[in-house]
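Structure assessment
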Amino acid sequence: MFYADFTSLAPHEQAVWLDEVKDSLSGTTMSKNKEDIVVSYTSLPFYKDFKLYSVSDNSKPAPNTWYMLYSPGGSAFLMDWTNEPIYKVNEIAPIILNKTTALSYTKFFFHFVRGKLGRFIIVEKPSEVRWLPEAGQEEKDAAKEHIIPLTYKGIARDNFMTLRASVVFKNAIFHTDVKIALFNTESVNSETREAEHFSIGQMKLVNEDLLLEDIKVVVDEPPTEFG
C-alpha cells in the first residue's frame, strides 16, 4: 500500500500556492473560507520536480482531501482517480524508473487509480487486508500464507520492467506480474494478438494467479470526488 509523510505549508506559503493552482481546483467543491483549508506536500522519489500535494477542506466530513501533482512554475494536475494525470506527468517530468523507484511508483499508482468496476489494492502483509468483522481466522490464516512483498524482478525480454505483487481485487486475492513501460513502445496483446501502444510509466497486469476468492473483505464503491 502507499504511505507518505506530508509536511504542511506555512499560512503565507499556502495562500500563494492556492492562488497559483486556483484554475486546477476550480472544478472542486472547496470551501471559500481559506481558514478551512490545509495544504501539505510530500516528495516522490520517481519525480525530480513534481511533488504530491494534499488539499484538505475541514468544513467537510472525512474523506475531505484532494490530491494534486505539482511542479514549481504552475504545472498542476489534479488527481481524479484515473491514470490520466499520472501518465501526463510521466511524459513531462519525466518519470525516473529504476529498481528502487519502481516499487514506490507502483504503490502510488494503484493507490490513486481506482476503476469503476473495482480497485486493485497491493498488500504486502496480512495487516493491510481490510477484513470485514465477520471474517474468520481460517481465511485470515489462508491469506497470510499467500501474501508476498512487492518484488522487483528486473527487465524482461519485452523491455518492460517487471514486479510481482499480491493484490486484492473485490473479494479475491491473487498474485500478478506488474509490467511498467520504460519508454514509449508497442507491445502485442497476448490475448488479442494486436499491437498496443504504451507510454512511459504505463502499466499492465499479466500472469495472474488466483489464490483465494469469496473472502470477507471491504469492497470499495466506485470512486467519488475524494476517492
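Residues numbered from 1 in each chain as written. Predicted model: local features only at pLDDT ≥ 70, side-chain atom pairs only at ≥ 80, totals over all residues. Heavy atoms only, no water.

Geometrically, the link from A62 to P63 is a cis peptide bond, its omega value of 0° lying close to zero. Assignment of secondary structure puts P63 in the loop between β3 (51-57) and β4 (65-71). Here the amide bond leading from A93 into P94 is cis, since omega sits at -15°, within 30 degrees of zero. Mapped onto the fold, P94 is located in the loop between α2 (84-92) and α3 (101-112). (Helix = DSSP H or I, 4+ residues; strand = E, 2+ residues; numbered from the N terminus.)

Contact geometry of α2 with α3 gives a least axis separation of 10 Å together with a crossing angle of 145°. Touching I86, Y87 and N90 of α2 are Y105, F108, F109 and F112, all from α3. Each residue belonging to the contact of α2 with α3 can be placed in one class, and the counts come to six nonpolar, one polar and no charged. (Axes fitted to C-alpha atoms, helices over the stretch in contact; angles between N-to-C directions. Contact = heavy atoms within 4.5 Å. Nonpolar A, V, L, I, M, F, W, Y, C, P; charged D, E, K, R; others polar.)

Glancing now at the environment of R114. Along the chain, R114 falls in the loop between α3 and β6 (120-122). Residue contacts for R114: discarding those within four places in its chain leaves W81, R119, P223 and G227. At 2.8 Å, the side chain of R114 and the backbone oxygen of H111 are in polar contact. (Polar contact = N/O pair within 3.5 Å; in protein donor to acceptor, adjacent residues only side chain to side chain.)

A complete count under the given rule lists nine salt bridges for this structure. K216 is the salt-bridge partner of E139, the closest N and O atoms lying 3.9 Å from each other. On the criterion of sequence distance, the pair formed by E139 in helix α4 (residues 137-146) and K216 in the segment after β12 (203-213) is long-range, its members being 77 residues apart. In this structure E139 comes out as buried when scored by relative accessible area, which is 16%. (Salt bridge = Lys/Arg side-chain N within 4 Å of Asp/Glu carboxyl O. Buried < 20%, exposed > 50% of the residue type's maximum accessible area, 1.4 Å probe, protein only.)

Let us now look at the nonpolar core. General note: in soluble globular proteins, nonpolar side chains tend to be found buried as a group. Counting residues in hydrophobic clusters, the biggest one holds 34 residues, and the most contacted among them are Y47, L69, I86, Y105, F108 and I180. Elements that contribute at least two residues to this core include exactly α2, α3, β8 (160-169) and β9 (172-181). Looking at which element gives the most residues to this core, the answer is α3, with six residues. Excluding its chain neighbours within four sequence positions, the residues that come into contact with I86 are Y47, M79, Y105, F108, F109, F112 and V113. In this structure, W17, L18, V21 and A76 belong to the second largest nonpolar core, which totals 15 residues. (Core = buried A, V, L, I, M, F, W, Y, C linked by side-chain atoms within 4.5 Å.)

Okay, the sheet that holds β3 next. Strand order in the open sheet formed by five strands is β1-β2-β3-β4-β5, and the pairing between neighbours is antiparallel. The open sheet has two edge strands with one neighbour each: β1 (7-8) and β5 (75-78). Bridge count for β4 against β5 is four bridges, and the pairing is antiparallel. Each residue of the ladder has a partner; that of S71, found in β5, is S75. Contacting β2 (37-43), β3 and β4, helix α1 (residues 11-20) runs over the sheet at an angle of about 85° to β2. (Pairing = 2+ DSSP bridges.)

Its place among the elements puts A195 in strand β11 (residues 195-198). On the basis of relative accessibility, which here comes to 59%, the residue A195 falls in the exposed class. Leave out the neighbours within four places in its chain, and A195 touches E186, S187 and V188.

Let's shift gears to α3. For an α-helix, 3.6 residues make a turn, and residues three or four places apart therefore share a direction. Between its terminal C-alpha atoms α3 stretches 16 Å, which fits the 16 Å expected from twelve residues at 1.5 Å a residue. Burial in α3 covers these residues: T101, A102, Y105, T106, F108, F109, F110 and F112. (Expected span 1.5 Å × (residues − 1).)

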